[in-house]
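Architecture at a glance
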Amino acid sequence: MSGTGTAAPPVLPATRRIIGVALASVSGVAVAAQSRINGELGVRLADGFAAAVVSFGLGLVVLLVLVPAIPAGRRGLLAVRRALKAGTLRPWQCLGGMCGAFLVATQGLTIGSLGVAVFTVAVVAGQSGSSLAVDRAGIGPTGRQPVTRQRLAGAVLTVLAVVLAVGDRLGDPGGLVLALLPLLAGVGIAWQQAVNGQVRATADSALTATLVNFAVGTTTLLVAFAIDIAVRGWPTGHAPSEPWLYLGGPIGIVFIAIAAAIVRFTGVLLLGLATIAGQIVGAVLLDLVLPTAASHPGVNTLLGAALTMVAVLVAALAPPATRPPARSAQP
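Rules used throughout
Residues numbered from 1 in each chain as written. Predicted model: local features only at pLDDT ≥ 70, side-chain atom pairs only at ≥ 80, totals over all residues. Heavy atoms only, no water. Helix = DSSP H or I, 4+ residues; strand = E, 2+ residues; numbered from the N terminus. Buried < 20%, exposed > 50% of the residue type's maximum accessible area, 1.4 Å probe, protein only. Contact = heavy atoms within 4.5 Å. Areas by Shrake-Rupley, 256 points an atom, 1.4 Å probe, with all protein chains shown as cover. Phe/Tyr/Trp six-rings, centres within 6.5 Å; stacked < 30°, edge-to-face > 60°. Expected span 1.5 Å × (residues − 1). Axes fitted to C-alpha atoms, helices over the stretch in contact; angles between N-to-C directions. Parallel < 35°, antiparallel > 145°, perpendicular 65-115°, else oblique. Nonpolar A, V, L, I, M, F, W, Y, C, P; charged D, E, K, R; others polar. Salt bridge = Lys/Arg side-chain N within 4 Å of Asp/Glu carboxyl O. Core = buried A, V, L, I, M, F, W, Y, C linked by side-chain atoms within 4.5 Å.

1. Examining the overall build of the protein
In terms of helices and strands, the protein carries eleven helices and zero strands. The linear arrangement of helices and strands in the protein, starting from the amino end, is α-α-α-α-α-α-α-α-α-α-α. Here the protein holds 331 residues, and the buried ones make up 52% of them. The contacts of the protein with a sequence gap of at least 6 include a subset with a gap of at least 24, amounting to 86%. Total accessible area on the protein is roughly 14,200 Å²; 73% of this is exposed by carbon and sulfur atoms.

This is the structure we're talking about:
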């Protein structure tokens, strides 16, 4: 993978894994809040792509001011540029923002109809299996991670929790079809976290990796928005006056930076499961405390959220897998 000279030890310290899981869970709660914000913004603007452009664009503006102002950020940008020229960082490893753009677009497009809880569990379903595959392929900065029984059990329990949580929606074919969008977004999240971790390792700066992510994501969304305008015309909604509806981008900065910083300690699967736990809990709390017309979490949803927490504990308490030192012959 990238030749940054940051070879991880065969066994990652348990304390760092635990801290990483805690941070990922907190960031997952923030993502649930971001989903509600961007979903409401999409309803107000009457265009999910417009909401995604606003969210990602504001985040990019903040990072364009912040990263060059910090010495570590400037060094990170130079390091990424040198690595791309030398070929130690591949251009495709800088495209994680495309998956983030798709996720944010689905927030604006579907949450008004699905509610935060159902949206979140659909993302979870895609993210769980994808995280296993990404770890197994060695795309992240920790290298190849074997699929142990406990890690597989954690992923399977998470999917079962999703099925339980959305059980009351299984009779609504329209809702299930709409849920395919966040499901696909969840598949992309694992890959995004892995390649953003590679960029962070190269830059030695989580903020630099986050800037790369937002630059790619904003560009992707602007192209999609231009196509949307050409097909459907300008959005018919109006820009809301409430400041909190513009916080999706800054929340995204926190989430992406945390994920890029800790994925080398947790691996993609454990990072994903911990984030999922935070998302599920945050989504259920939001739908209970601040319900919308589409949000009506019942007993199944609450039980699914609890089962998700159990799944994360199963995977987190698994003994760290030992990896053979640089013996893995990768193409």
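Back to the write-up after that little detour.
2. A few points about the packing of aromatic side chains
Summed over the entire model, instances satisfying the criterion amount to three aromatic pairs. Ring geometry for Trp 92 against Trp 191: centres 6.4 Å apart, planes inclined by 25°, an arrangement best described as stacked. With Trp 92 in the loop between α3 (71-86) and α4 (96-114) and Trp 191 in helix α8 (residues 180-203), the pair connects residues that are 99 residues apart, well separated along the chain.

3. Some words on the side chain of Gln 192
By secondary structure assignment, the location of Gln 192 is in helix α8. Gln 192 gets classed as buried once you look at its relative accessible area, which sits at 2%. In this view, Gln 192 contacts Gly 96, Gly 97, Cys 99, Gly 100, Asn 213 and Ile 256; residues no more than four positions away in its chain are not counted.

4. So, helix α1 (residues 14-45)
An α-helical segment advances 3.6 residues per turn. Residues three or four places apart therefore align on the same side. Along its 32 residues, α1 runs 46 Å from first to last C-alpha, staying within 8% of the 46 Å computed at 1.5 Å per residue. Downstream of α1 by one or two residues, Ala 46 has phi in the positive range, about 60°.

5. Examining the packing of α3 against α8
Running from N to C, α3 and α8 point in directions that differ by 110°, and their axes come no closer than 8 Å. Comparing their axes, α8 and α3 come out roughly perpendicular. In this structure, α3 contributes Gly 76, Ala 79, Val 80 and Ala 83 to the contact, and α8 contributes Val 199, Thr 202 and Ala 203. Among the residues making up the contact of α3 with α8, the classes are represented as five nonpolar, two polar and no charged.

6. Structural notes on the pattern of salt bridges
What the rule picks out here adds up to five salt bridges. The residue Glu 40 makes a salt bridge to Arg 44 at a minimum N-O spacing of 2.9 Å. You can see Glu 40 and its partner Arg 44 sitting in helix α1, four residues apart, about one turn around the helix. By relative accessible area, which is 24% here, Glu 40 ends up partly exposed. Among the charged side chains, a network of salt bridges with common partners joins Glu 40, Arg 44 and Glu 242.

7. A look at the nonpolar core
Proteins that are soluble and globular tend to have nonpolar side chains buried together. Core analysis: the largest hydrophobic core is formed by 23 residues, its most contacted members being Leu 63, Phe 214 and Leu 221. Contributions of two or more residues to this core are made by α1, α2 (48-69), α4, α9 (206-232) and α10 (248-289). Here this core takes eight residues from α2, the largest share from any one element. Non-local contacts of Phe 214, meaning those with residues more than four positions away in its chain, are made with Phe 56, Gly 59, Leu 60, Leu 63, Gly 249, Gly 252, Ile 253 and Ile 256. The next biggest cluster of nonpolar side chains, apart from the first, holds 14 residues, and it includes Ala 24, Val 134, Val 268 and Ala 274.

8. Observations concerning unusual backbone geometry
Here Ala 46, not a glycine, exhibits a phi torsion of approximately 60°, which is positive. As for its position among the elements, Ala 46 is in the loop between α1 and α2. Unlike most non-glycine residues, Asp 204 shows phi in positive territory, near 55°. Tracing the sequence through the fold places Asp 204 in the loop between α8 and α9. Judged by its relative accessible area of 60%, Asp 204 is exposed.

The quantities given are spatial measurements derived from coordinates; they are silent on function.
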